[in-house]
Amino acid sequence: MKHLFACWSLGLALCIPGAVSADDAVIGYIKTITDQTTIGDSNGPIKASLGSPIHVGNVIKTDENGAAGVTLKDNTILSIGPNTEFKIEAYQFEPQQDKLQLNASLLKGTLHYISGVIAKLKPEAVTVKTPTGVIAVRGTRFLVKIEE
Amino acid sequence: MTTITLPKTLTFAVALALTGCAKSYLVLLEDHDGSTGKVIFSGAGSETVVEQAGYGAALDNSKTVFKVEQEKINKDFGRALASEPVLPEIFLLYFETGGTKLTAESAALIPKIIETAGKHPAADISVIGHTDTVGDAGKNEKLANERAVQVSKLFDASKMDVKEVAVTSHGEKNLLIKTGDETSEPRNRRVEVTIR
């Protein structure tokens, strides 16, 4: 019985950090992937594979042979080429509560972006930051290349 | 060795400066539906707007907009373009009044929906239930949920590559066809399935 209680309280303790973190929700999945791609958060990078979940704060990184595609919950489509580092800074998709936001950063490499529902409902809520400025979108598809 | 390398590097740098070739740049593309929107790049104190598909802008303060040849797009973005996931697909299923029975037309659509889910690798599916405004809002919230739950059972994760099936109820609060209260509207009695 004592043992059971110990396990139970351990379980609770383990749950709490997850429960208070707002960044826990899955906002999209890796839908296409070739070769070496990683998804990183504060715990460091892990190897990504088809179906890997994406969370706010993740950095998706490819090496010289890597490429990957992600579809977010609002149907925004993002695909990246080799030698790329791409970060999801902020994401909110709750149209019923009018909570809509998509802020990403392309630190290096190439990005192909296709607008989803967030850009349709609230265009000003979508930005892609680059080392030299900010890209805003008005319902569209575009490519960006950052050369270091 | 250095005597050969140095002039080459210099020539390359001069050539770059002369053509104004942007190293970091963006290109606006036509959307898959044939429309074209626009992109706005804001750098330090300047703003560049691109409104024509196939045109690009340098990611600096030069405010230059230029045509980008397809060849260059393929060379620079071939891999990123080739990694584009299958586009999300949306289906609407309609119900008989007051319950979870699909209309005959919608029931006939089921095989197509299951087939589509199979074509999306690592599919994540959202199923949103709706009602019309007949009956009270609380009961409709519940009915819309029952409709969505029933449809969600079509996607068996043990048989197909499905990562997630998210079920939501909007009750009578998200009408496709705007009506007053207590209005029977077949197009509002629906479940929206998005296969990503």
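These notes cover the structure that comes with them. All of these numbers come straight from a predicted model, not from anything done at the bench.

**Let's talk about the pattern of salt bridges**
All names here are of chain B. Evaluated as defined, the whole model comprises 17 salt bridges over all chains. With its nearest N and O atoms 3.9 Å apart, the salt bridge here joins Glu51 to Lys38. Remark: Lys38 occurs in strand E2 (residues 38–42) and Glu51 occurs in the loop between strand E3 (47–50) and strand E4 (55–58); sequence separation between them is 13 residues. With a relative accessible area of 55%, Glu51 lands in the exposed category. The class of Lys38 is partly exposed, set by a relative accessible area of 30%. The partner of Asp124 in a salt bridge is Arg196, with the nearest N and O atoms 3.0 Å apart.

**Comments concerning the nonpolar core**
Formed by 38 residues in total, the largest nonpolar core has its most connected members in Phe86, Leu111, Tyr113 and Val144 of chain A together with Leu26 of chain B. In this view, Phe86 of chain A contacts Asn58, Val59, Ile60, Leu78, Ile80, Ala104, Ser105, Leu106 and Leu111 of chain A; residues no more than four positions away in its chain are not counted. Of all hydrophobic cores here, the second largest spans 18 residues; its members include Leu93, Phe95, Ala123 and Val151 of chain B.

**A word on helix H4 (residues 110–118) of chain B**
For an α-helix, the turn length of 3.6 residues means that residues three or four places apart are oriented alike. Residue and element names in this part refer to chain B. Buried within H4 are the following residues: Ile110, Ile113, Thr116 and Ala117. Buried residues along H4 cover an arc of 125° about the axis, so they all sit on one side. Of the exposed residues in H4, the ones pointing more than 90 degrees away from its buried face are Pro111 and Gly118. Buried-residue contacts for H4 involve strand E6 (89–94), helix H3 (104–107), strand E7 (123–129) and strand E9 (190–195).

**Considering the packing of aromatic side chains**
Residue and element names in this part refer to chain B. Applying the stated criterion across every chain yields a total of 3 aromatic pairs over all chains. Between Tyr25 and Phe77, the aromatic rings sit 5.8 Å apart at their centres with planes inclined by 70°, giving edge-to-face as the arrangement. With Tyr25 in strand E1 (residues 25–29) and Phe77 in helix H2 (residues 70–82), this pair connects stretches of sequence that are 52 residues apart. Note on Phe77: relative accessible area 0%, which makes it buried. Through successive ring pairs, a cluster of aromatic residues spans Tyr25, Phe66 and Phe77.

Criteria and thresholds
Residues numbered from 1 in each chain as written. Chains lettered and ligands numbered in written order. Predicted model: local features only at pLDDT ≥ 70, side-chain atom pairs only at ≥ 80, totals over all residues. Heavy atoms only, no water. Salt bridge = Lys/Arg side-chain N within 4 Å of Asp/Glu carboxyl O. Helix = DSSP H or I, 4+ residues; strand = E, 2+ residues; numbered from the N terminus. Buried < 20%, exposed > 50% of the residue type's maximum accessible area, 1.4 Å probe, protein only. Core = buried A, V, L, I, M, F, W, Y, C linked by side-chain atoms within 4.5 Å. Contact = heavy atoms within 4.5 Å. Arc of directions from axis to C-beta. Phe/Tyr/Trp six-rings, centres within 6.5 Å; stacked < 30°, edge-to-face > 60°.

Without other data, these values stay purely geometric and don't point to any function.
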